[in-house]
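Residue-level listing of the chains:
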Amino acid sequence: MSLTYDLVIHNVRIATMAESNSYGLIEDAAICIKDGLIQKVIAQVSRQSGELETESVIDGQGRLLTPGLIDCHTHLVYGGNRANEYEMRLEGASYEEIAKAGGGIVSTVKATRETSKDELFKAAAKRLSYLIEEGVTCIEIKSGYGLDLETEQKMLEVAHELDQFSPIEVSKTFLGAHAVPEEYKGRADEYIDLVCDTIMPELNRQGLIDCVDAFCENIGFNLAQTEKVFAKAKSLGLPVKLHAEQLSDLGGSAMASQYGAWSVDHLEFLSESTINDLKRSKTVATLLPGAFYFLNETQLPPIEALRKSAVPIAIATDSNPGSSPCLSLLLMMNMATTLFKMTPLEALKGVTINAAKALRRDDTLGSIEPGKQADMVLWDVSSPAELSYRIAGNPCFMVIKKGEIILSHEVVNAND
């Protein structure tokens, strides 16, 4: 007896993203899904229609089908916003003046501590809906705007609830070492002790941490403090990733590679000598063009050196209230090509298979291959390059997660 599929999508062009140097395009294709997994990808469907026994069929009408997009670096859960600081900065206020007025990360920490969990959930769910509308099927969410046990727990509980109750997957990252809270001002080492001895172990005990992150930078934490966080994470069996080399080169990426970091992120000041370390440790280089744009940065990440060394490059929104208030992964693809001179192929890989690698989920996500989750997006475009080419406008037609339609912009014909 032949296999009856739960869903078949046919009459599509598929960009499988399963090949290293191409989109892996398959023309006149169909994809067969059962139990939330991709069972078969068929080329030249018109010659093999007998293989499409199923109860439900979607006619893609020649549209492009890609893997679901993955946003592998966000700070989606927070209270308040910092539009007033944006206005102050444009009117000529310095960073110091804004800080003295109670601005900067301190303002977001204060707002997040004062916001209830229900309110945080509602705000984050609304932000998440914009990303889902553009084809995002998996996302990473960091804590880091609590900087105490109670609020860090609250943030990660919201991320966990989004994972449970939204239609997509959420990877939860503990970013307790994001900044020094006001009550520990001038006592960064003591705060790191609190993170390592109390906050991280307790949140891990509660099962709220998938990965541990830190901000290794002159305005964040030094190399020794960051490594202490990583050593504690390792002792708890937790993987790590790192905000590194955004404003200076403190050697954070080289150190992170020694801990087998999933990714190192930002990287404008990454030294070329560190790139071989990333390659050996299979650490993904995650670039964040939204922050680069919003902060008017001029130092470009070493794209060509990363490219030559075949280090996987991911792209993410870095969605946050201070330096990248962005809720469009498609816009980040455009910025990656225009600001960082990446190719459209590199940009699409950056939000699919390489983003999956940055979350260590590339065994199940990031490409269209038999055995992987049926996370896919149908686009109203004729070529993959159009996804980077557009500056605005959403060409997403349908989003499918684990073989289920979670968003559609048109009623489709199905045979029940």
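Residues numbered from 1 in each chain as written. Predicted model: local features only at pLDDT ≥ 70, side-chain atom pairs only at ≥ 80, totals over all residues. Heavy atoms only, no water.

Enquirer: Can you tell me about the overall build of the protein chain, naming the residues and giving the values?
Expert: Along its length, the protein chain carries 15 helices and 16 strands. Rg of the C-alpha trace for the protein chain: 22 Å, near the compact-globule value of 22 Å for 416 residues, within the 12% margin. Along the first, second and third principal axes, the C-alpha set of the protein chain runs to 70 × 45 × 45 Å. In the protein chain, the share of contacts with a sequence separation of at least 24, taken over all contacts with a separation of at least 6, comes to 70%. Roughly 17000 Å² of accessible area belongs to the protein chain as shown, and the carbon and sulfur atoms make up 49% of that amount. (Helix = DSSP H or I, 4+ residues; strand = E, 2+ residues; numbered from the N terminus. Rg over C-alpha atoms; globule rule 2.2 N^0.38 Å. Contact = heavy atoms within 4.5 Å. Areas by Shrake-Rupley, 256 points an atom, 1.4 Å probe, with all protein chains shown as cover.)

Enquirer: I'd love a proper account of the pairing of strand 14 (residues 376-379), names of residues and values included.
Expert: By the alternation rule, side chains of strand 14 split into Met376 and Leu378 and Val377 and Trp379, which are all buried. In terms of strand pairing, strand 5 (residues 64-67) meets strand 14 through 4 bridges, oriented antiparallel. Each residue of the ladder has a partner; that of leucine 64, found in strand 14, is tryptophan 379. The pairing of strand 14 with strand 15 (residues 396-401) spans 4 bridges and is antiparallel. The residue bridging tryptophan 379 from the neighbouring strand is cysteine 396, located in strand 15. (Buried < 20%, exposed > 50% of the residue type's maximum accessible area, 1.4 Å probe, protein only. Pairing = 2+ DSSP bridges.)

Enquirer: Residue-level account of the side chain of glutamate 245, with values.
Expert: In this structure, glutamate 245 sits in the loop between strand 10 (242-244) and helix 8 (252-258). Buried within the structure, glutamate 245 lacks any salt-bridge partner; its nearest side chain of opposite charge belongs to arginine 280, at an N-O separation of 14 Å. At 3.0 Å, the side chain of glutamate 245 and the backbone nitrogen of glycine 252 are in polar contact. Here the side chain of glutamate 245 touches serine 253 through a polar contact of 2.3 Å, side chain to side chain. In this structure glutamate 245 touches Cys216, Glu217, Leu250, Gly251, Gly252, Ser253, Leu267, Glu268, Phe269 and Leu270, once residues within four positions along its chain are discounted. (Lys, Arg positive; Asp, Glu negative; His and termini not counted. Salt bridge = Lys/Arg side-chain N within 4 Å of Asp/Glu carboxyl O. Polar contact = N/O pair within 3.5 Å; in protein donor to acceptor, adjacent residues only side chain to side chain.)

Enquirer: Kindly report on the UniProt feature "binding site: Fe(3+)" (unreviewed entry) in the protein chain, identifying the contributing residues and their values.
Expert: Taking the UniProt record as the reference, the feature "binding site: Fe(3+)" (unreviewed entry) is found at His73, His75, His243 and Asp318. Across 246 residues in sequence, these annotated residues keep their C-alpha atoms within 12.3 Å of one another, forming a single compact spot. Along the polypeptide, histidine 75 turns up in the loop between strand 6 (69-71) and helix 1 (83-90). Look past the residues within four positions of histidine 75 in its chain and what remains in contact with it is Lys142, Ser143, Tyr145, Leu175, His178, His243, Asp318, Ser319 and Asn320. With respect to the helices and strands, the residue aspartate 318 is situated in the loop between strand 13 (313-315) and helix 12 (329-338). Assessed through its relative accessible area of 2%, aspartate 318 is described here as buried. Aspartate 318 has contacts with His73, Thr74, His75, His266, Leu288, Ala291, Ser323 and Ser324, leaving out every residue within four places of it along the chain. (UniProt positions renumbered as here; feature names shortened; annotations may be inferred.)

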